[in-house]
Protein chains: 2
Amino acid sequence: MTLADPQAVAVVQALAERGQTLATAESLTGGLIGAAVTSVPGASAVYLGGLITYATDLKARLGGVPTDLLAANGPVSAKTAAAMAAGVRRATGADWGVAATGVAGPDPQDGHLPGEVWLGLAQPGGAVRTLRVDAAGDRQAVRSAAVAAALGLLEDALTAES
Amino acid sequence: MTLADPQAVAVVQALAERGQTLATAESLTGGLIGAAVTSVPGASAVYLGGLITYATDLKARLGGVPTDLLAANGPVSAKTAAAMAAGVRRATGADWGVAATGVAGPDPQDGHLPGEVWLGLAQPGGAVRTLRVDAAGDRQAVRSAAVAAALGLLEDALTAES
């Protein structure tokens, strides 16, 4: 990648216009969302950082996801995505928290097929929305689709909310 | 990226052979090291996750870097890289912690020129080593060089240590 991610450019620009900050909580994407955002020169004005909670245990230990919620819903679920987004927003003090959890493949996980991705978006004020994405293709395609969907969710919210 | 990163494949394989785990703490790379490691199918056996401490404040708040160390040395320094690596190893319970901090550019930061990168590697038992890398090229080239150097440092240590 020699150019900044165009979706990330739009997100960084929209956040800068609002004077707001962002944090990320990533599982299957393993840091790709943070990497996309920080591909943009000047991202440091709006991006604080985030958590890569790849192991399920770290979603609780670092990510602030309650262990009983994790046990009841599993790591690949709307409730876990929502708790990851809210957790990283709280842990970092950012205005927005975006989270991605799911199955990159090639193997299924806990009864979920590769391509099942859940996104969480914690907004200023604390409201959280979630989105399910069913991505096609191999491991890298699923991960790329998750990044694009997460940035798209954020961009839509930044454009819609005032 | 449609294939797993070859350096990351070697690191994941070496960790799996040892039955050891890894965590990452990233500043200028913004998640790219975690993304490279998790590009490898089966990475979940050895990679726990990590921290993206992009804002200097998060290096202390999430990353366990003492605020007086940060104030005395700045975020772009050997001591901060070492503290980030030790901090993420401690926070996650991983056997190995690898950290990268530096200036991606295009602008200098706190008197450091773009391309100055510091890596930290916390090993099983807790010993920490650091390495300075001077990377050439634009923002994305510096970030890619930092990822390659971090994975190389880890690979060397995994091959040398017994």
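The structure under discussion appears in the preceding block.
The written sequence of each chain sets the order in which its residues are numbered from 1. Going through the entries in the order they are written, you letter the chains from A and number the ligands from 1. The model is predicted, so local features are restricted to residues of pLDDT at least 70 and side-chain atom pairs to those at 80 or more, both for listing and for counting; the totals for chains, interfaces and linings are taken over all residues. Excluded from the side-chain calculation are hydrogens and water; included are all heavy atoms of the structure.

1. A look at the overall build of chain A
Step number 1: Across its full length, chain A holds six helices and five strands.
Step number 2: Helix numbering and strand numbering both begin at the N terminus, where a helix is a DSSP run of H or I of at least 4 residues and a strand a DSSP run of E of at least 2. Ordered by position from the N terminus, the helices and strands of chain A form the series α-β-α-β-α-α-α-β-β-β-α.
Step number 3: Computation of the radius of gyration draws on C-alpha atoms, with the globule rule given as 2.2 Å multiplied by the number of residues to the power 0.38. The globule rule puts the C-alpha radius of gyration for 162 residues at 15 Å, and the 14 Å found for chain A is close to it.
Step number 4: With the C-alpha coordinates of chain A rotated into their principal frame, the extents come out at 40 × 30 × 25 Å.
Step number 5: The buried label goes to any residue with under 20% of its type's maximum accessible area, the exposed label to any with over 50%, and the partly exposed label to all in between, with areas taken from a 1.4 Å probe on protein chains only. Within chain A, the fraction of its 162 residues that count as buried is 57%.
Step number 6: In this analysis, two residues are considered to be in contact whenever any of their non-hydrogen atoms come within 4.5 Å of each other. The long-range share in chain A, meaning contacts at least 24 apart out of those at least 6 apart in sequence, stands at 65%.

2. Comments concerning the environment of Thr-38 of chain B
Step number 1: Following the sequence through the fold, Thr-38 of chain B ends up in the loop between α2 (32-37) and β2 (47-53).
Step number 2: When the C-alpha atoms of Thr-38 of chain B and Leu-48 of chain B are compared, they prove to be 10.0 Å apart, with 10 residues separating the residues in sequence.
Step number 3: Look past the residues within four positions of Thr-38 of chain B in its chain and what remains in contact with it is Thr-29, Gly-30, Tyr-54, Arg-139 and Arg-143 of chain A together with Ala-43 and Tyr-47 of chain B.

3. Considering the pairing of strand β2 (residues 47-53) of chain A
Step number 1: Across the seven residues of β2 of chain A, seven count as buried, placing the element largely inside the fold.
Step number 2: The rule for pairing is simple: two strands pair if DSSP sees at least two bridges between them. Here strand β1 (residues 22-26) of chain A pairs with β2 of chain A via five bridges, running parallel. Bridging across to β2 of chain A, Thr-24 of chain A finds its partner in Gly-50 of chain A.
Step number 3: With helix α2 (residues 32-37) of chain A bridging β1 of chain A and its parallel neighbour β2 of chain A, the resulting β-α-β unit is right-handed.
Step number 4: Of the strand pairs in this sheet, β2 of chain A and β2 of chain B are connected by five bridges, and their pairing is antiparallel. Following the sheet pairing, Ile-52 of chain A is matched in β2 of chain B by Gly-50 of chain B. Viewed with both strands pointing away, a crossover whose connecting path from the first strand over the helix to the second turns clockwise is right-handed.

4. Looking at the interface of chain B and chain A
Step number 1: On the side of chain A, 39 residues touch chain B, which itself brings 40 residues to the contact.
Step number 2: Together chain B and chain A conceal approximately 2700 Å² of surface at their shared face, both sides included; 56% is due to carbon and sulfur atoms.
Step number 3: Note on definitions: buried area is the accessible-area loss of two parts on being combined, 1.4 Å probe, summed for both. For chain B, the biggest contributors to the area lost against chain A are Ile-52, Tyr-54 and Gln-140 of chain B; these three give 20% of the whole.
Step number 4: Note on definitions: salt bridges are taken to be side-chain nitrogens of Lys or Arg within 4 Å of carboxyl oxygens of Asp or Glu. At the junction of chain B with chain A, the criterion picks out zero salt bridges.
Step number 5: Polar contact is the term for a pair of N or O atoms within 3.5 Å; when the atoms are in protein, one must be able to donate a hydrogen and the other to accept it, and sequence-neighboring residues count only if both atoms are side-chain atoms. Counting the contacts that link chain B with chain A gives 22 residue pairs in polar contact (both at pLDDT 80 or more).
Step number 6: Counting residues per element, the ones that place at least two in the side of chain B that touches chain A are β1 (22-26), α2, β2, α3 (56-61), α5 (78-92) and α6 (139-160) of chain B.
Step number 7: By residue number, the principal contributor to the side of chain B that touches chain A is β2 of chain B, which donates seven residues.

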